Protein chains: 4
Amino acid sequence: MEIEQEIQPLLTEGSVANYIPALAKVEPHQFAMTLTLFDGTTYSVGCSETKFSIQSISKVFSFTKSLSLYGKKIYERVGKEPSGNAFNSLVQLEYENGIPRNPFINAGAIAVTDSLYSYYKNEDDTFNHILQFIKDTSNNFELDYNDEVWKSEYECGYRNISLANLMKSFDNFENEIDPVIKTYFKQCSIEMNTFELSRAMLFLANHGVDPITQKRFVTQSQAKRINAIMLTCGHYDASGEFAFHVGLPGKSGVGGGIVAIVPDVMSISVFSPGLNSWGNSLVGTKALELFTTKTSHSIF
Amino acid sequence: MEIEQEIQPLLTEGSVANYIPALAKVEPHQFAMTLTLFDGTTYSVGCSETKFSIQSISKVFSFTKSLSLYGKKIYERVGKEPSGNAFNSLVQLEYENGIPRNPFINAGAIAVTDSLYSYYKNEDDTFNHILQFIKDTSNNFELDYNDEVWKSEYECGYRNISLANLMKSFDNFENEIDPVIKTYFKQCSIEMNTFELSRAMLFLANHGVDPITQKRFVTQSQAKRINAIMLTCGHYDASGEFAFHVGLPGKSGVGGGIVAIVPDVMSISVFSPGLNSWGNSLVGTKALELFTTKTSHSIF
Amino acid sequence: MEIEQEIQPLLTEGSVANYIPALAKVEPHQFAMTLTLFDGTTYSVGCSETKFSIQSISKVFSFTKSLSLYGKKIYERVGKEPSGNAFNSLVQLEYENGIPRNPFINAGAIAVTDSLYSYYKNEDDTFNHILQFIKDTSNNFELDYNDEVWKSEYECGYRNISLANLMKSFDNFENEIDPVIKTYFKQCSIEMNTFELSRAMLFLANHGVDPITQKRFVTQSQAKRINAIMLTCGHYDASGEFAFHVGLPGKSGVGGGIVAIVPDVMSISVFSPGLNSWGNSLVGTKALELFTTKTSHSIF
Amino acid sequence: MEIEQEIQPLLTEGSVANYIPALAKVEPHQFAMTLTLFDGTTYSVGCSETKFSIQSISKVFSFTKSLSLYGKKIYERVGKEPSGNAFNSLVQLEYENGIPRNPFINAGAIAVTDSLYSYYKNEDDTFNHILQFIKDTSNNFELDYNDEVWKSEYECGYRNISLANLMKSFDNFENEIDPVIKTYFKQCSIEMNTFELSRAMLFLANHGVDPITQKRFVTQSQAKRINAIMLTCGHYDASGEFAFHVGLPGKSGVGGGIVAIVPDVMSISVFSPGLNSWGNSLVGTKALELFTTKTSHSIF
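Residues numbered from 1 in each chain as written. Chains lettered and ligands numbered in written order. Predicted model: local features only at pLDDT ≥ 70, side-chain atom pairs only at ≥ 80, totals over all residues. Heavy atoms only, no water.

## Here we look at the overall build of chain A
The line we're drawing: For the purposes of this entry, the term helix denotes a DSSP run of H or I that reaches at least four residues, the term strand denotes a run of E that reaches at least two, and both are numbered from the N terminus. For this measure, only C-alpha atoms enter the radius of gyration; the expected value for a globule follows 2.2 Å times N^0.38, where N is the number of residues. Any pair of residues with heavy atoms lying within 4.5 Å of one another is described as a contacting pair. In these tables, accessible area is a Shrake-Rupley quantity obtained with a 1.4 Å probe, and a residue counts as shielded only by the protein chains included in the view. By the counting rule applied here, Lys and Arg register as positive and Asp and Glu as negative, while His and the ends of each chain are not counted. Charged groups are reduced to one reference atom each: NZ for lysine, CZ for arginine, CG for aspartic acid, CD for glutamic acid.
Helices and strands together make up the secondary structure of chain A, namely 14 helices and 8 strands. Relative to its length of 300 residues, chain A is compact, with a C-alpha radius of gyration of 18 Å against a globular reference of 19 Å. Of the contacts made within chain A by residues no fewer than 6 positions apart, 67% connect residues no fewer than 24 positions apart. Counting only carbon and sulfur atoms, one obtains 48% of the accessible surface of chain A, whose full area is about 10,000 Å². Of the charged side chains in chain A, 24 are positive and 33 negative, and the gap between their average positions amounts to 7 Å.

## Thoughts on the interface of chain C and chain D
The line we're drawing: Whenever Lys or Arg places a side-chain nitrogen within 4 Å of a carboxyl oxygen from Asp or Glu, that contact is recorded as a salt bridge. Polar contacts, as used here, are pairs of N or O atoms within 3.5 Å; protein pairs need one atom able to donate a hydrogen and one able to accept it. Residues neighboring in sequence count only if both atoms are side-chain atoms. Throughout, the ten residues Ala, Val, Leu, Ile, Met, Phe, Trp, Tyr, Cys and Pro are labelled nonpolar, Asp, Glu, Lys and Arg are labelled charged, and all others, Gly among them, are labelled polar.
Of the residues lining the interface, 32 residues belong to chain C; the matching set on chain D comes to 31 residues. Our enumeration of links across chain C and chain D arrives at 4 salt bridges. A salt bridge links C:Glu241 to D:Lys80; the shortest N-O distance between them is 3.5 Å. Taken together, the links from chain C to chain D amount to 14 residue pairs in polar contact (both at pLDDT 80 or more). Listed by contribution, the elements that provide at least two residues to the side of chain C that touches chain D are helix H12 (220–233), helix H13 (239–245) and helix H14 (282–295) of chain C. Broken down by class, the residue content of the side of chain C that touches chain D amounts to 10 nonpolar, 14 polar and 8 charged.

## Some words on the nonpolar core
Heads up, the rule is: Only buried residues count toward a nonpolar core. Its members are Ala, Val, Leu, Ile, Met, Phe, Trp, Tyr and Cys residues joined through side-chain atoms within 4.5 Å. Only protein chains enter the accessibility calculation, which uses a 1.4 Å probe; a residue is then buried when its area is under 20% of its type maximum, exposed when over 50%, and partly exposed in between.
Membership of the largest hydrophobic core comes to 58 residues, with the highest contact counts inside it found for A:Met33, A:Ile268, A:Leu288, B:Met33, B:Ile268 and B:Leu288. Those residues in contact with B:Ile268 that sit more than four places away from it in its chain are B:Met33, B:Thr34, B:Leu35, B:Ser198, B:Leu248, B:Ile258, B:Val259, B:Ala260, B:Val262, B:Leu288 and B:Phe291. The next biggest cluster of nonpolar side chains, apart from the first, holds 41 residues, and it includes C:Tyr75, C:Tyr120, C:Phe203 and C:Ala223.

## Points about the relation of the copies chain A and chain B
Keep this limit in mind: Overlaid copies result from least-squares superposition on C-alpha atoms, with residues included only where pLDDT is at least 70 in both.
With an RMSD of 0.0 Å, the fit of chain A onto chain B corresponds to turning through 180° and sliding 0.0 Å along the axis. On the angle and the small slide along the axis, the relation comes out as a two-fold axis. Rotation axis and chain A: the residue whose C-alpha lies nearest the axis is A:Gly84, separated from it by 2.3 Å. Comparing interface residues between copies, 97% of those in chain A also lie at the interface in chain B; the contact surface is shared.

## Notes on the relation of the copies chain C and chain D
Overlaying chain C with chain D gives an RMSD of 0.0 Å, the required rotation being 180° about an axis along which the chain moves by 0.0 Å. Most of the interface of chain C is mirrored in chain D, where 97% of its interface residues are also at the interface.

## Brief notes about the interface of chain A and chain B
Interfaces are often sized by the amount of accessible area the parts lose when they come together. Counted only if it meets this: When two parts are put together, the accessible area they lose, computed with a 1.4 Å probe and summed over both, is reported as buried area.
Of the residues lining the interface, 32 residues belong to chain A; the matching set on chain B comes to 31 residues. Between chain A and chain B, a total of about 2,600 Å² is buried, with carbon and sulfur atoms accounting for 56% of that surface. Looking at the side of chain A facing chain B, the largest losses of area belong to A:Lys224, A:Phe244 and A:Phe300, adding up to 30% of the total buried there. Where chain A packs against chain B, one counts 4 salt bridges. Of the charged contacts, one joins B:Arg225 and A:Glu241 as a salt bridge, the two residues approaching to 3.4 Å between their closest N and O atoms. Inspection of the chain A/chain B interface yields 14 residue pairs in polar contact (both at pLDDT 80 or more). Sorting elements by how many residues they give to the side of chain A that touches chain B places helix H12 (residues 220–233) of chain A first, with 7 residues. Along the lines of polarity and charge, the residues of the side of chain A that touches chain B split into 10 nonpolar, 14 polar and 8 charged.

## Points about helix H9 (residues 177–188) of chain B
An α-helix turns once every 3.6 residues. As a result, residues three or four positions apart point the same way. All names here are of chain B. Formally: Here, expected helix span is obtained from the residue count minus one, scaled by 1.5 Å.
For H9, which comprises 12 residues, the first-to-last C-alpha distance of 17 Å matches the rise-based estimate of 16 Å (1.5 Å per residue) to within 8%. The buried count for H9 comes to 10 of 12 residues, which makes it a mostly enclosed element. Inspection of H9 places Ile177, Pro179, Val180, Ile181, Thr183, Tyr184, Phe185, Lys186, Gln187 and Cys188 among the buried residues, and these make up the whole buried set.

## Remarks on the state of the cysteines
How we decide: The disulfide criterion used throughout: a pair of cysteine sulfur atoms within 2.5 Å.
Within the structure shown, the criterion is met by 0 disulfides over all chains. Take D:Cys233: it sits in no disulfide, and the sulfur closest to it among the cysteines is that of C:Cys233, at 11 Å. We classify D:Cys233 as buried; its relative accessible area is 5%.

## Quick word on the sheet that holds strand E6 (residues 250–252) of chain C
Residue and element names in this part refer to chain C. How we decide: By the convention used here, strands pair only if DSSP detects at least 2 bridges between them. Helix axes are fitted only over the stretch in contact, all axes being lines through C-alpha atoms; the angle between N-to-C directions runs from 0 to 180 degrees.
A sheet is described by the order of its strands in space; here 5 strands give the open sequence E2-E1-E8-E7-E6, paired in antiparallel fashion. The sheet terminates laterally at strand E2 (42–46) and E6, the two strands that pair on one side only. Strand-to-strand twist in this sheet, taken as the mean axis angle between neighbours without regard to direction, amounts to 10°. Here strand E1 (residues 32–37) runs beside strand E8 (residues 266–271); their pairing, made up of 6 bridges, is antiparallel. Counterpart to leucine 37 in the pairing with E8 is methionine 266.

## Some thoughts on the confidence of the model for chain A
Filter applied, for reference: Residue-level confidence of the predictor is summarised by pLDDT, bounded by 0 at the bottom and 100 at the top.
On average, residues of chain A score 91 in pLDDT, and 98% of them reach the 70 mark or higher. Across the whole predicted complex the pTM is 0.91, and at the interface the ipTM reaches 0.90.

## A look at the environment of B:Glu174
Residue and element names in this part refer to chain B. Along the polypeptide, glutamate 174 turns up in the loop between helix H8 (158–169) and H9. Sequence separation between glutamate 174 and serine 118 is 56 residues; the distance between their C-alpha atoms is 6.8 Å. The contact partners of glutamate 174, leaving out residues within four places of it in the chain, are Arg77, Asp114, Ser118 and Lys168. Within the structure, the side chain of glutamate 174 is placed 3.5 Å from the side chain of arginine 77, a separation counted as a polar contact.

## Quick word on the packing of helix H3 (residues 58–70) of chain C against helix H5 (residues 106–120) of chain C
Residue and element names in this part refer to chain C. We apply this condition: We call two directions roughly parallel when the angle between them is under 35 degrees, roughly antiparallel when it is over 145, roughly perpendicular when it lies between 65 and 115, and oblique otherwise. The handedness criterion is simple: a crossing whose near helix is rotated anticlockwise from the far helix by less than a right angle is left-handed, and one whose near helix is rotated clockwise is right-handed.
It is at 9 Å that the axes of H3 and H5 come closest, and there the two elements cross at 45°. Comparing their axes, H5 and H3 come out oblique. Seen along the crossing, H3 lies across H5 with a hand that is left-handed. Residues Lys59, Ser62, Phe63, Lys65, Ser66, Leu69 and Tyr70 of H3 pack against Asn106, Ala109, Val112, Ser115, Leu116, Ser118, Tyr119 and Tyr120 of H5.

## Structural notes on the pattern of salt bridges
Two side chains carrying opposite charge are able to pair once their charged atoms lie near each other. Taken as a whole and judged by the stated rule, the model has 60 salt bridges over all chains. In this structure, A:Lys286 engages A:Glu289 in a salt bridge whose closest nitrogen and oxygen atoms are separated by 3.8 Å. Of this pair, A:Lys286 and A:Glu289 both sit in helix H14 (residues 282–295), separated by 3 residues, roughly a single helical turn. Residue class for A:Lys286 comes out partly exposed when judged on its relative accessible area of 32%. Measuring nitrogen to oxygen at the nearest pair gives 3.2 Å for the salt bridge that ties B:Asp178 to B:Lys182. Residue B:Asp178 and its partner B:Lys182 are both found in helix H9; the two are separated by 4 residues, about one turn of the helix. Three or more residues joined by partner-sharing salt bridges are found here, namely A:Arg77, A:Asp114 and A:Glu174.

## Side note on the packing of aromatic side chains
How we decide: Only Phe, Tyr and Trp rings are paired, with Trp represented by its six-membered ring, and only when their centres lie within 6.5 Å; those with planes under 30 degrees apart are stacked, over 60 edge-to-face, the remainder tilted. Note on geometry: a ring has a charge over it if NZ (lysine) or CZ (arginine) is within 6 Å of the ring centre and within 35 degrees of the ring normal.
Taken as a whole and assessed by the stated rule, the structure comprises 46 aromatic pairs over all chains. Judged by centre distance (5.6 Å) and plane angle (55°), the ring pair of B:Tyr184 and B:Phe185 falls under tilted. Exposure remark for B:Phe185: the relative accessible area of 2% places this residue in the buried category. Ring centres of C:Phe127 and C:Tyr145 lie 4.9 Å apart, and the angle between their planes is 75°; on these two criteria the pair is classed as edge-to-face. Note that C:Phe127 is positioned in helix H6 (residues 123–138) and C:Tyr145 in strand E4 (residues 144–145), a separation of 18 residues in sequence. On the accessibility criterion, C:Phe127 (3% relative accessible area) is buried. Since its relative accessible area comes to 27%, C:Tyr145 is described here as partly exposed. A network of ring pairs unites the aromatic residues A:Trp150, A:Tyr154, A:Tyr184 and A:Phe185 as a single cluster. Across from the ring centre of D:Tyr75, 4.5 Å away, lies the NZ or CZ of D:Lys80, which sits over that ring. Seen from the ring of D:Tyr75, D:Arg225 lies directly overhead, with NZ or CZ sitting 5.5 Å from the centre.

Structure follows, in structure tokens:
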């Protein structure tokens, strides 16, 4: 595949996330990419069997789950607009009275996990339902999380705990903070490969229904909303950059994974742990850009 | 047309922009919508001959012009990311050292007009080239601006002048402030109807080339960039909302106009002067939402 | 005493702190005032035997203790300038990389308590040394804290916990957060009456030496620093107001107490639980103003 | 005089204000200090005849004049609390709806000059009344301003113009911006020596009355207020530092001058153009510190 060749020189340029000790050990020069079509056909290059931490990509799953449970009520707790601030900023959260701008910045994702905790009532059940949801969407029941990774993040997760406490001071947090934060870090440590991730997001390319199993996960309108938020807020402070270069709704994680959807056609996942200065996979972004350029699959 | 009927009850809900005296006098219950296809076919409903102030929609034209003149160098002066703050906020501009977040917030658009002024050297030439560019893209050489409207805005334009001076204090403003600000307000006061506006934006639906005259205005990559910025930043603090409800790259103005493009297919313009709480045409947004829902033309 | 009569009509105007349940129950129409001279003479009016939560006044004692242990090194962790923001704002703390503006806003006081915890190594010892220091300065060994009050504050102390976590994320927090926060709330719940409080602060009116026992608590320079910070930062966002109306270095607490010092002459404490809109004792501030006006003891 | 000797080694350490071209040319290693007592006795060392730009010290005179004309009504337009932000920040001004924190940050001083302009109706009369007021307080009718200096500042005064426009957008600016800004820069360019400055501020050490001429300029309460604001806000973001080191109400200017008052005793002015990192005279601050230490004239 041409893309794999073109990205080779870039594999040495990014740097792995070093603020999470367990992630800092990942071998940086890896690359994988998988396309999954509506009929189940997949095309993969690179190490598409290698598992990695999905990290912030998990925010798409937890938000989808919460949206399916609460519907529009969830917007009382989290907004739908781009933030224009760093992913973990407290400033905007304070000025906007504890309501995070969108579910893909950390504060928003933590509020979403808190909403799921309110539904399932305890740490294990909440996490298991999130994991089960990802298993369901990926039609793969072997998935698991990484105990070392989430504990490593939890141990230095002071800023996320600060965000949770600030929301709680504004009455936008319903449960004990500690178990919710643990659940949040656990969901971030779930490990998948590009094969599984592209499979799991296919329902968002098909208006909420898995095109292979015909199982509906969210309504058509909810799927549209999730895609719109991925497009405008999916890549922290480089969301506009991603919209331009790739032009597809997508979500990245500091583990080096990115998932993107081509509406009505397919789902794509890439993995390469070297990150650019915005915290998104450097090679992954480039690979997706080459893909949309070569195939004219951009939404623009 | 169904859409026209469905939006009737909403015509009394919005309120016209009242901070600009000359705009506060506009009759609020108007509606128009025009579609322009690549072969020149147009479909219109409502008062599609009625001219209105294009206001912030002019930012798309001035940015396009500047991008065609300066290429990527323009990004040294204005960013490409959503702002997450009010369209006229000084806070982010101060924290980010005088570089506006994107060309569609006021500070960014003023910086763009300043860049054009640096090129054309005086107020009349700068404004005339902006106007000429809009005439060229709309293939309509009768367009003009409204003297009463721009003077009305200029007289109460203190916040925009404050933004310009703040940028100048950060060395991100190259000319005398007063003539640039006048040029900026003049471009906002240009009057068009939905027929003309949809025609003028057609090149952005066709990768930078007017599909009727085959005239190229910007490169394919530049057109993609403009569309990406319209999608993520085109509607102030309701850009995410617009991406969801309408799902098309677009730009609104407080005069009640909105223009949106369906990539590879058509350009659409709507007009209805009643605004929602974010300053976007209430009925116009709804009409575009109905259009994309009924025709499945959303990019998602 | 004239002051007592003049403040009578004001006793119904303030309102007790209602964000701390245990404090909301205090009878609001109380008043007490005590002056302590260098020879030990005291003058009291009102309920000068009634104990109240010293709350933020405790910040003066903990900062004094920390300054005596660490000297200028403490300024690496906490500044000395007025904040111009609400007493519990996270915004400035984030913009200034986790270094609180001064030791009398909450973040600063928590950092100070953390510094004491680093010295004494555990919760009990740290708290006991703070309490012992207050006993020493007041020459009164019966003082204690209120278990109900500190637990009540701890249970809704999310914003303070948020501040602590934010500082920790900036490496400006050295210990486990929970025991430090508990120690902080305990010190705030220490109960004293105006007689005891005015006695305890006498050393700050005498360049660091208790004029009665001749015991030195801090150096002359440190005492000057503490007084300067009390004058510029002692009353949250009404420090300028207090400097004008009272014109003495002082510190207030939401429990309704205020302590102020007349350099080289005396220490004064007032108590009245009704607070003004800035969170300072309404009648207490007025009583001090009347005192300085009648006696010309203002520093201006 | 001992102080003069002790500060000699420091004369090479500061750096003159370089953002104002006309000030950047001042010879940096100068020093002067003058004390003026209530009976008119003066003590001077150094170049006490050398004139310098009083710059921000002029804010004390304009505020005093405005307070004498408007009384408490002026506080509807400008606050009385420390700002905790840089002297020319727009952020706080935007968050606090165009009301500057105090009359000694730039925005506040510009609002004060605007209030005087509203009273005197034109540029010449407004400036002349400010100058006359300084002549009256200094009992010296030869004072003048420096045409080169104010024009130099005016030419790069974008941030101040930005502040003025922002206030105007919040309806906290009553006149044309340009003539008010010119008046403001002219008042900053007034030239005085330490002999004249210490004489001019004597009324603030004597409750509003010049102790030599017995002329009253403001009420006792107003004088107390001015002194309180000088103490808490007189030195930008180093006001707490100055309160500690010097412990007197004072005001500095980037021209290298500082004036301070010892209530009931004297007025002091120092001059040395080398500035420390906060924009205050490095040697001047040190000289005042030595003075208060040696004479125990600190208010603490």
